[in-house]
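Take a look at the letters that make up each chain.
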Amino acid sequence: MWLRPLFRKAKSEVYLAGRRLALSAVALGLVAACVYTCVDYLAPAVVNHPYFSLQRVRVASDSRLGNLDGMISEAGLFRGTSLWRVDTERARREFERPAWVKRVDVRRRMPDSVSIHIYQRKPVAATIIAGRAYTVDVAGVVFRGQHPAAYPDLPYLVGWQS
């Protein structure tokens, strides 16, 4: 008989805990529905908003650049493209194509520009292959940058076959 109040108290605590759990689950469901709605309807509006359209492409390099406009268009960097849809990997691959390019960093700059930094290979030697002059960097990569005559102090590598 003296245990009856203890059982009532334990029973009411279990009831309250279950009720709290149910209310938490409902609240979590409402939050999840709101997030889904925001992502489903608001994300396309933000991605396609003219505020985020590409207006400028800034290219920095420590060397001369050839057909810069052609490289920019091959990389898919067109004026008016949504900055969210710019494929930075494609742009990086396109700008790394010339052999004299060592590395390229492509970054989105919110709200309307892309910056590209091109690092060129530094020649440490020169060589002649099939009658044409090439330069060689510290990693042994043979590339056709500026003519080796532009670097009069470079040693020439000879005696190897292409």
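Rules of the game
- Residues numbered from 1 in each chain as written.
- Predicted model: local features only at pLDDT ≥ 70, side-chain atom pairs only at ≥ 80, totals over all residues.
- Heavy atoms only, no water.
- Buried < 20%, exposed > 50% of the residue type's maximum accessible area, 1.4 Å probe, protein only.
- Helix = DSSP H or I, 4+ residues; strand = E, 2+ residues; numbered from the N terminus.
- Pairing = 2+ DSSP bridges.
- Contact = heavy atoms within 4.5 Å.
- Arc of directions from axis to C-beta.
- Patch = residues over 30% accessible without salt bridge, like charges linked within 9 Å, V, L, I, M, F, W, Y side chains within 5 Å.
- Areas by Shrake-Rupley, 256 points an atom, 1.4 Å probe, with all protein chains shown as cover.
- Salt bridge = Lys/Arg side-chain N within 4 Å of Asp/Glu carboxyl O.

Within strand E5 (residues 132–137), 5 of the 6 residues are buried, which leaves the element mostly enclosed by the surrounding structure. Both strand E4 (residues 123–129) and E5 contribute to a ladder of 6 bridges, which runs antiparallel. Bridge pairing in E5 links Ile129 to Arg132. Linkage of E4 to E5, two consecutive antiparallel strands, is achieved through a turn of 2 residues, within which Ala130 is found at a positive phi near 50 degrees. Here E5 runs beside strand E6 (residues 142–143); their pairing, made up of 2 bridges, is antiparallel. By the bridge assignment for E6, Thr135 is matched with Phe143. The hairpin turn running from E5 into E6, its antiparallel successor, is 4 residues long, and Gly140 in that turn takes a positive phi close to 90 degrees.

Mapping Ser82 onto the fold places it in the loop between helix H2 (68–74) and helix H3 (88–95). Setting aside chain neighbours within four positions, we find Ser82 in contact with Val47, Phe52 and Ser53.

Mapped onto the elements, Gly66 comes out in the loop between strand E1 (56–61) and H2. Since its relative accessible area comes to 55%, Gly66 is described here as exposed. For the pair Gly66 and Pro98, spaced 32 residues apart in the sequence, the C-alpha separation amounts to 10.0 Å.

Turning next to the pairing of strand E3 (residues 113–120). Burial analysis of E3 places 6 of its 8 residues in the buried class, the great majority of the element. Pairing geometry for E1 and E3, over 6 bridges, is parallel. Each bridged residue has a counterpart across the sheet, and for Ser61 the counterpart in E3 is Ile118. Here strand E2 (residues 101–109) hands over to E3 after 3 residues, the two strands then running antiparallel side by side.

Moving on to the sheet that holds E6. With mixed pairing, the 4 strands of this open sheet are ordered in space as E6-E5-E4-E7. Either end of the sheet is taken by a strand with one partner, and the two such strands are E6 and strand E7 (156–157).

Among the residues making up H3, those that are buried are Ala91, Glu94 and Phe95. Viewed end-on, H3 has its buried residues packed into an arc of 90 degrees, placing them on one side of the element. Looking at the buried residues of H3, the elements they touch are H2, E2 and E3.

On the surface, a nonpolar cluster with roughly 260 Å² of combined accessible area is contributed by Val31, Val35 and Val39. Examined against the element boundaries, Val31 turns out to sit in helix H1 (residues 4–47).

Mapped onto the fold, Thr135 is located in strand E5. Relative accessible area serves as the criterion here: at 1%, Thr135 is assigned to the buried category. The contact partners of Thr135, leaving out residues within four places of it in the chain, are Pro123, Ala125, Ala126, Val141, Val142, Phe143, Gly145, Gln146, Pro148, Tyr151 and Leu154.

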